[in-house]
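Structural overview for review
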Amino acid sequence: MLGLLSFGEELSGYDVKKWADWSLRFFYWSPSFSQVYGELKRLEKAGYVTARMVAQETGNRDKKVYRITAEGLEAVRTWAREAPVEPPVLKHGVMLRLWLGHLLDPEQMREVLGRHREYAETMRRRAEADAEGSRGREEWAYPALTLRWAERYYAAERDLADAMLADVEELAGREGGSASSAS
């Protein structure tokens, strides 16, 4: 949350969620609204953010906006500079299902890999579009680079799914060949 507020803008909880969905979802997580509002309250209590009510032009009820404090900015800056670089945790359901491929028919495995390929390509296109939408905004230079990383990551996932589909075909051909040789 502090990182989302570190760009200097006042954001409502809704804005924080929208920004997370626009960028963080590609590589970290996309928090629920309840997580956003709960964390903002906790950060306000800790003195890392301030909040104020703002009247909306539409006549809707006032909204609460948050701004990072100097203490909050220092906390997130310290974390970004000093936290150890940890290897990413890979929790990849498709890889697990491939590992358990002996329990599926080859066609079922092809379907799983095909759906993953479609998902990866959809995410790649979304990251590409979001990166394009951030062009020309100097303050978004690093989030835009991160979106390019996400675009490349999902392109690699798409390409890995294609390679695994080819490997499944080869394996199915060998298994089919040895089954017919045995008969």
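Use the structure listed above.
My aim in this report is to walk through the structure given alongside it, one point at a time. On a predicted model such as this, the values are computed, not experimentally measured, just so you know.

A closer look at helix H6 (residues 106-133)
Here H6 is 28 residues long and its end C-alpha atoms lie 40 Å apart, about the 40 Å a rise of 1.5 Å per residue gives. Those residues of H6 not exposed but buried are Met109, Val112, Leu113, Gly114, His116, Ala120, Glu121, Met123, Arg124, Ala127, Asp130 and Ala131.

Focus on the sheet that holds strand E1 (residues 11-12)
The strands making up a sheet are joined through hydrogen bonds of the backbone, oriented either antiparallel or parallel. Spatially, E1-E3-E2 is the arrangement adopted by the three strands of the open sheet, whose pairing is antiparallel. Only two strands of the sheet have a single neighbouring strand rather than two, namely E1 and strand E2 (49-54). Pairing between E2 and strand E3 (residues 63-68): six bridges, direction antiparallel. Residue pairing for E3: Val54 is matched across the bridge by Lys63.

With respect to the packing of aromatic side chains
Throughout the structure, instances matching the rule amount to ten aromatic pairs. Ring geometry for Phe26 versus Tyr154: centroids 6.4 Å apart, planes at 65°, classification edge-to-face. Placement of the pair is Phe26 in the loop between helix H2 (13-22) and helix H3 (33-46) and Tyr154 in helix H7 (residues 141-182), with a sequence separation of 128 residues. As far as burial versus exposure is concerned, Phe26 and Tyr154 are alike and both buried. Ring pairs connect the aromatic residues Phe7, Trp19, Trp22 and Trp140, which therefore count as one cluster. The ring of Phe33 carries Lys17 above its face, with NZ or CZ at 5.7 Å from the centroid.

Section: the pattern of salt bridges
Inspection of the entire model under this criterion finds 17 salt bridges. Residue Glu10 pairs with Arg52 through a salt bridge whose shortest N-O separation is 2.7 Å. Note that Glu10 is positioned in the loop between helix H1 (2-5) and E1 and Arg52 in strand E2, a separation of 42 residues in sequence. The exposure class of Arg52 is partly exposed, given its relative accessible area of 44%. The salt bridge partner of Glu74 is Arg77, with a shortest N-O separation of 3.9 Å. One end of the pair is Glu74 and the other is Arg77, both in helix H4 (residues 70-82) and three residues apart, which spans about a single turn. Linked by salt bridges that have partners in common, Glu121, Arg124, Arg125, Glu128, Glu151, Arg158 and Asp159 make up one network.

Cut-offs and rules
- Residues numbered from 1 in each chain as written.
- Predicted model: local features only at pLDDT ≥ 70, side-chain atom pairs only at ≥ 80, totals over all residues.
- Heavy atoms only, no water.
- Helix = DSSP H or I, 4+ residues; strand = E, 2+ residues; numbered from the N terminus.
- Expected span 1.5 Å × (residues − 1).
- Buried < 20%, exposed > 50% of the residue type's maximum accessible area, 1.4 Å probe, protein only.
- Pairing = 2+ DSSP bridges.
- Phe/Tyr/Trp six-rings, centres within 6.5 Å; stacked < 30°, edge-to-face > 60°.
- Lys NZ or Arg CZ within 6 Å of the ring centre and 35° of its normal.
- Salt bridge = Lys/Arg side-chain N within 4 Å of Asp/Glu carboxyl O.

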